[in-house]
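Descriptive analysis of the structure
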Amino acid sequence: MAVPVAFFALFFAYPVTAIVGRGLKAEGDWQFGRIGEVLSRPDILDVLWFTTWQALASTALTLLIALPGAYVFARFDFPGKQVLRAVVTVPFVLPTVVVGTAFLALLGRGGLLDELWGVRLDTTVWAILLAHVFFNYAVVVRTVGGLWSQLDPRQEEAARVLGAGRFAAFRRVTLPALAPAVAAAALMVFLFTFTSFGVVQILGGPAYSTLEVEIYRQTAQLLDLPTAAVLTLVQFAAVGGILAVHAATVRRRERALKLVDPAQTSRRPRGAGQWALLGGVLLTALLLILLPLGVLVERSVDGPGGYAFGYYEALQSVGAGGSSTFLVPPLEAVGNSLRYALVATLIALVVGGLAAAALTRRAGRLVRGFDALLMLPLGVSAVTVGFGFLITLDKPPLDLRTSWILVPLAQALVGVPFVVRTMLPVLRAVDDRLREAAAVLGASPLRAWREVDLPLVRRAVLVAAGFAFAVSLGEFGATVFIARPDNPTLPVAVARLLGRSGELNYGQAMALSTILMLVCAVSLLLLERIRTDRSGEF
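Definitions and limits used
Residues numbered from 1 in each chain as written. Predicted model: local features only at pLDDT ≥ 70, side-chain atom pairs only at ≥ 80, totals over all residues. Heavy atoms only, no water. Helix = DSSP H or I, 4+ residues; strand = E, 2+ residues; numbered from the N terminus. Buried < 20%, exposed > 50% of the residue type's maximum accessible area, 1.4 Å probe, protein only. Contact = heavy atoms within 4.5 Å. Areas by Shrake-Rupley, 256 points an atom, 1.4 Å probe, with all protein chains shown as cover. Axes fitted to C-alpha atoms, helices over the stretch in contact; angles between N-to-C directions. Parallel < 35°, antiparallel > 145°, perpendicular 65-115°, else oblique. Nonpolar A, V, L, I, M, F, W, Y, C, P; charged D, E, K, R; others polar. Left-handed = near helix turned anticlockwise from the far one by under 90°. Salt bridge = Lys/Arg side-chain N within 4 Å of Asp/Glu carboxyl O. Core = buried A, V, L, I, M, F, W, Y, C linked by side-chain atoms within 4.5 Å. Phe/Tyr/Trp six-rings, centres within 6.5 Å; stacked < 30°, edge-to-face > 60°. Polar contact = N/O pair within 3.5 Å; in protein donor to acceptor, adjacent residues only side chain to side chain. Patch = residues over 30% accessible without salt bridge, like charges linked within 9 Å, V, L, I, M, F, W, Y side chains within 5 Å. pLDDT = per-residue confidence, 0-100.

Looking only at helices and strands, the protein chain features 23 helices and six strands. Here the protein chain, with 538 residues, has 53% of them falling under the buried criterion. Taking the intrachain contacts of the protein chain between residues at least 6 apart in sequence as the baseline, contacts between residues at least 24 apart amount to 79%. Element-wise, carbon and sulfur atoms account for 63% of the exposed surface of the protein chain, whose accessible area totals about 23800 Å².

Here it is in structure tokens:
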């Protein structure tokens, strides 16, 4: 546990504590009265209210739309199922900047709806809600559908034989078994939407602001650190509560159910009703997931003179069309992002792998608490982490402000939880007697790990590396502070282009977003081929 604890203490706890302390201290004294002052301001209360209700609305809408998809993937067997599973998961690993850009191309000025019917939904709450459903659809499908595929259908069939109707059997037998999985999925969706940044910043406009967006505004634009510190504490408390409830639901689910092989529960649809349900899910996937991504690609090649690759060609030069957005050609952001993501993936694998090994070998409240702490970077303000990097890692021996390693370190913080969650179940499934036999035969702990554990978890390591690479590639909240102007990442480059007016900047943003989407999609398709957890959970 020493390396993971040191990594999180130095690159997570220290920057967050420092930025909060700087905001709440004045002349060396703590000013806790600022908390009440900030939380009593009408504008801050509006931000808290909007953050909460849009997260609740996004969660409810996601469950409503995604639960039928979870059932279809769990119970039906149809051609192209594996490909479709990968397609609906693409949005989850896409950077939020790309999600916002895709919906901007669909719902914004000059978008598909605007051209066809003169309807614009950008700068409205509906655009935010739909983008959140797009982003989190796979969370419900994978989490709930994974468990649903392992529930023994004979239990519900027995209830039907005893006289219960289809709905009554589902409500009394299947739904109680699924409840922990539904609750876990709902909590994760609520967490991701409660801390939403890129989607709200691009689609919400000045009228809508979540806690994360407001922290960015108070920090980067207004330099009001006291307000940003208070909002960070509020978000930290909310995320801690959500993760605690999520951990309880996961433990309940693991203890309560006896599962069967998913291959025993999947069959081809029967009857008009099931075929209609499958068709409805396929139509939903087409309109909700494929259409925004397709419009994004179409806008990237739709130039003033017709369809061409002019926007992609413009990415190779600095100041194309009179733009001074970048000090280097925007296309260099592709190479920068790939290099940063590779380094971040290596860091995440080392730190997350050691953490997973420690959690496998040890027990007790201390280790369980550490397990929960590993998830905090997914919910704590990435803006606070990024700005904290700038004000803490500025003195020897850790003066990293001008070092390229700063970006991979921030990205690795987001990748480590995915590595731990992917590797931990597999490590726990390794029979301890294999390690004991190796020890009896004279193998050292390191050799036993190399020759016993590593061959068994090799595929899990590859899956973990893929997830860490994808989320590192798309990290935006912290990177927007620390990426140097001459070395922008893809999400930062897209945000800069969207922040400037002009058709060329807009087209280049669409082109860069398309490139980033394709890289993430390829990574995910590779994951789908090597994934070991057939229950389908993340």
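Moving on, there is more to tell.
Glancing now at the environment of Ala-70. Its location among the elements puts Ala-70 in helix 3 (residues 42-75). Separated by 67 residues in sequence, Ala-70 and Tyr-137 place their C-alpha atoms 9.4 Å apart. Dropping the residues within four chain positions of it, Ala-70 is found in contact with Val-140, Val-141, Val-144, Gly-145 and Trp-148.

To continue, consider helix 11 (residues 211-221). Counting buried residues in helix 11 gives eight out of eleven residues, a clear majority hidden from the surface. Listed as buried for helix 11 are Leu-211, Glu-212, Val-213, Glu-214, Ile-215, Tyr-216, Gln-218 and Thr-219. In the segment just after helix 11, Leu-223 is the residue with positive phi, at about 55°.

Attention now goes to the packing of helix 7 (residues 125-148) against helix 13 (residues 271-301). At a minimum axis separation of 11 Å, helix 7 and helix 13 run at an interaxial angle of 110°. Accordingly, the angle class assigned to the pair helix 7 and helix 13 is roughly perpendicular. Every residue of helix 13 that contacts helix 7 at Leu-130, Val-133, Phe-134 and Tyr-137 is listed here: Val-281, Thr-284, Leu-288, Ile-289, Pro-292 and Leu-293. Grouping the constituent residues of the contact of helix 7 with helix 13 by class yields nine nonpolar, one polar and no charged.

Let's shift gears to unusual backbone geometry. Its identity is not glycine, yet Leu-223 carries a phi of approximately 55°, on the positive side. With respect to the secondary-structure elements, Leu-223 resides in the loop between helix 11 and helix 12 (225-256).

With that settled, consider the packing of helix 3 against helix 13. The description of two packed helices rests on the angle between their axes and on the distance between the axes. Viewed as axis vectors pointing N to C, helix 3 and helix 13 meet at an angle of 125°, and their least axial separation amounts to 10 Å. Judged by the angle between their axes, helix 3 and helix 13 are oblique. Every pair of crossing elements has a handedness; the one defined by helix 3 and helix 13 is left-handed. Packed against helix 3, whose contacting residues are Ile-65, Pro-68, Gly-69, Tyr-71 and Val-72, the element helix 13 presents Leu-277, Leu-278, Val-281, Thr-284 and Leu-288 at the interface. A per-class count over the contact of helix 3 with helix 13 returns eight nonpolar, two polar and no charged.

With that out of the way, let us pick up the pattern of salt bridges. In this structure the tally under the stated criterion is six salt bridges. The shortest N-O distance in the salt bridge between Arg-217 and Glu-214 comes to 2.8 Å. Within this pair, Arg-217 and its partner Glu-214 are both found in helix 11, separated by three residues, close to a single helical turn. Residue Arg-217 is classed as partly exposed on the basis of its relative accessible area of 31%.

We now examine the nonpolar core. Phe-7, Leu-94, Leu-203 and Phe-389 are the most contacted members of the largest nonpolar core, which totals 167 residues. The leading source of residues in this core is helix 7, at 16 residues. The residues touching Phe-7, leaving out its near neighbours within four places in the chain, are Phe-12, Ile-347, Val-351, Leu-409, Ala-412, Leu-413 and Val-416.

This brings us to the packing of aromatic side chains. Scanning the entire structure with this criterion turns up 17 aromatic pairs. The structure contains a cluster of three or more aromatic residues connected by ring pairs, namely Phe-7, Phe-8, Phe-11, Phe-12 and Phe-389.

Turning to the environment of Ala-105, a few remarks are in order. Looking at the element boundaries, Ala-105 is found in helix 5 (residues 96-107). A sequence separation of 17 residues divides Ala-105 from Asp-122, and the C-alpha atoms of the two residues are 9.6 Å apart.

Attention shifts here to the side chain of Asn-336. Inspection of the secondary structure puts Asn-336 in helix 15 (residues 332-361). Given the relative accessible area of 3%, Asn-336 is considered buried. In this structure the side chain of Asn-336 is engaged in a polar contact, spanning 2.6 Å, whose partner is the side chain of Arg-339. Engagement of the side chain of Asn-336 in a polar contact is seen with the backbone oxygen of Pro-488, the distance being 3.1 Å.

On to a nonpolar patch on the surface. On the surface, Leu-283, Leu-286, Leu-287, Leu-290 and Leu-291 cluster together into a nonpolar patch covering about 420 Å² of accessible area. The class of Leu-290 is partly exposed, set by a relative accessible area of 39%.

Our next topic: the confidence of the model for the protein chain. In this model, the protein chain carries an average pLDDT of 81, and 90% of its residues clear a pLDDT of 70 or more. The least confident element of the protein chain is helix 16 (residues 365-373), whose mean pLDDT is 67; the most confident is helix 3, at 92.

This next bit is on the environment of Leu-409. If you trace the backbone, Leu-409 turns up in helix 18 (residues 406-429). Judged by relative accessible area, which is 8%, Leu-409 ranks as buried. For the pair Leu-409 and Ala-341, spaced 68 residues apart in the sequence, the C-alpha separation amounts to 9.8 Å. Setting aside chain neighbours within four positions, we find Leu-409 in contact with Phe-7, Phe-11, Ile-347, Phe-389 and Leu-400.

What follows covers the side chain of Thr-384. By the element assignment, Thr-384 lies in helix 17 (residues 382-392). Note on Thr-384: relative accessible area 4%, which makes it buried.

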